[in-house]
Amino acid sequence: MGRKIAKYAAAVLALLAVLVACQQVRHSGGPALAAAVPGGLRLATYNVHYILLDQSEGRWSAGNWENRKRPLDATFKALGADIVAFQEMESFAGGDDDSVNLARAWLLGQNPDFAAAATGDWRAFPSTQPIFYRTSRLEPVDQGWFFFSDTPGVIYSRTFDGSYPAFASWADVRDRDSGEVLRILNVHLDYSSRGNRRKSTELIAARVEGWLSEGRNVVLAGDLNARRGSSVHIRLAAAGLDFVPVPGASYHFDRGINLFGAIDHIALAPGVAPAGPAIVFREKLGEVWPTDHYPVVVDIATGRP
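Notes on the structure in this doc start here. Predicted model only: the values in this text are computed from it and were never measured.

Calculation rules
- Residues numbered from 1 in each chain as written.
- Predicted model: local features only at pLDDT ≥ 70, side-chain atom pairs only at ≥ 80, totals over all residues.
- Heavy atoms only, no water.
- Core = buried A, V, L, I, M, F, W, Y, C linked by side-chain atoms within 4.5 Å.
- Buried < 20%, exposed > 50% of the residue type's maximum accessible area, 1.4 Å probe, protein only.
- Helix = DSSP H or I, 4+ residues; strand = E, 2+ residues; numbered from the N terminus.
- Contact = heavy atoms within 4.5 Å.
- Polar contact = N/O pair within 3.5 Å; in protein donor to acceptor, adjacent residues only side chain to side chain.
- 1 Å grid on protein atoms, 1.4 Å probe; cavity = no way out; pocket = protein on both sides within 12 Å on 5 of 7 lines; lining within 4 Å.
- Points joined across faces, edges and corners; volume = space filled by probe spheres on them.
- Nonpolar A, V, L, I, M, F, W, Y, C, P; charged D, E, K, R; others polar.
- Axes fitted to C-alpha atoms, helices over the stretch in contact; angles between N-to-C directions.
- Parallel < 35°, antiparallel > 145°, perpendicular 65-115°, else oblique.
- Left-handed = near helix turned anticlockwise from the far one by under 90°.

Moving on to the nonpolar core. In terms of nonpolar packing, the biggest core is built from 29 residues, with I83, V173, L182, V219, I266, L268 and I300 touching the most fellow members. Per-element accounting of this core gives the leading share, 3 residues, to strand β15 (residues 296-302). Apart from residues no more than four positions distant in its own chain, V219 is found in contact with L43, L182, R183, I184, L185, I266, A267, L268, V272 and I300. Core analysis: the second largest hydrophobic core is formed by 26 residues, F160, V187, V208 and A239 among them.

Following this line, the structure appears as structure tokens:
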């Protein structure tokens, strides 16, 4: 009996290994990152995972940040992006204090040709979802935020089911070449609560609909924790956004394991067009992965016909 069970278990494990290998192949494809399209803007979204300041050991500890920070900078540089919307750029020690933000300070220090929008004094502006922009090409115009809660204008208000605060940040940047103003909406939806995702999406959709009625050029970027075709995508498409198809996985378990389709996405309003396909940058530029997500990159062109 024991031998039969062992054989059965071995067969199940072998089947699982085959299925994982098939999924890995299925969700690892897509075009390679090439030079930016001339005249376009390169936009990226990137979840860089929070850092735990009160831990000296572990995957997301302040101690392990020392191993991750150089691969993160190398990845950032390799993208060649003009705009990067970051999620989970937070050094967490309990509460909402963002006076210490290791990843934000490190990347800005290593890349003096960039500045951060959607930031400010953390007591008045939640700054853990900054939007980096290349200063030679873009200049800041305006910025704002709203929380995914019944009181979206109340900073750090809890989500609809009472869990940790979550929010959208946005920034208006002007293209120094064309004079066009682009509104970048940076979002991160709840990974575990479908109800939170649904209600948060309704808030986002309402804001987008209002902005589009004003004639704004809007781009949504972020970690939606939802795959293409989900109710999140359907609702935001109904609000007027067109999602650029993202090939393969964008979340990899901090192991380079690609088991399901992308959850990180970029969507464009009618005044913004893709100038090339979406690209998932899956290169490992160091001994460790900088985070458990890959950045997603799209070249865009603005200007209403």
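Before going further, it helps to examine the side chain of R137. Positionally, R137 belongs in the loop between β6 (131-134) and β7 (138-147). Engagement of the side chain of R137 in a polar contact is seen with the backbone oxygen of G40, the distance being 3.1 Å. Those residues in contact with R137 that lie beyond four places of it in its chain are G39, G40, L41, D82, R174, D175, R176 and D177.

What follows covers the side chain of D264. On the secondary structure map, D264 appears in strand β12 (residues 264-268). Within polar-contact distance, the side chain of D264 engages the side chain of S250 at 2.6 Å. Contacts of D264, omitting those with residues within four sequence positions, involve T45, N47, Q87, G222, D223, V246, S250, Y251, H293 and V296.

Computed from the structure, the largest pocket encloses a volume of approximately 1,200 Å³. For the largest pocket, the lining is made up of 40 residues, of which Y50, E88, Y164, P165 and H188 are closest to its centre. For the lining of the largest pocket, the per-class residue count stands at 16 nonpolar, 14 polar and 10 charged. In this model, the second largest pocket occupies a volume close to 170 Å³. Lining the second largest pocket are R194, R197, R198, T201, E202, A226, S230, S231, V232 and R235. Those elements that provide at least two residues to the lining of the second largest pocket are α4 (194-213) and α5 (231-238).

A separate point is the packing of α4 against α5. Contact pair α4 / α5: the axes reach a minimum separation of 9 Å and the direction vectors enclose 20°. When the axes of α4 and α5 are compared, the pair comes out roughly parallel. Between α4 and α5 the crossing geometry is right-handed. Between α4, through T201, E202, I204, A205 and E209, and α5, the contact on the second element is made entirely by V232, R235, L236 and A238. For the contact of α4 with α5, the per-class residue count stands at 5 nonpolar, 1 polar and 3 charged.

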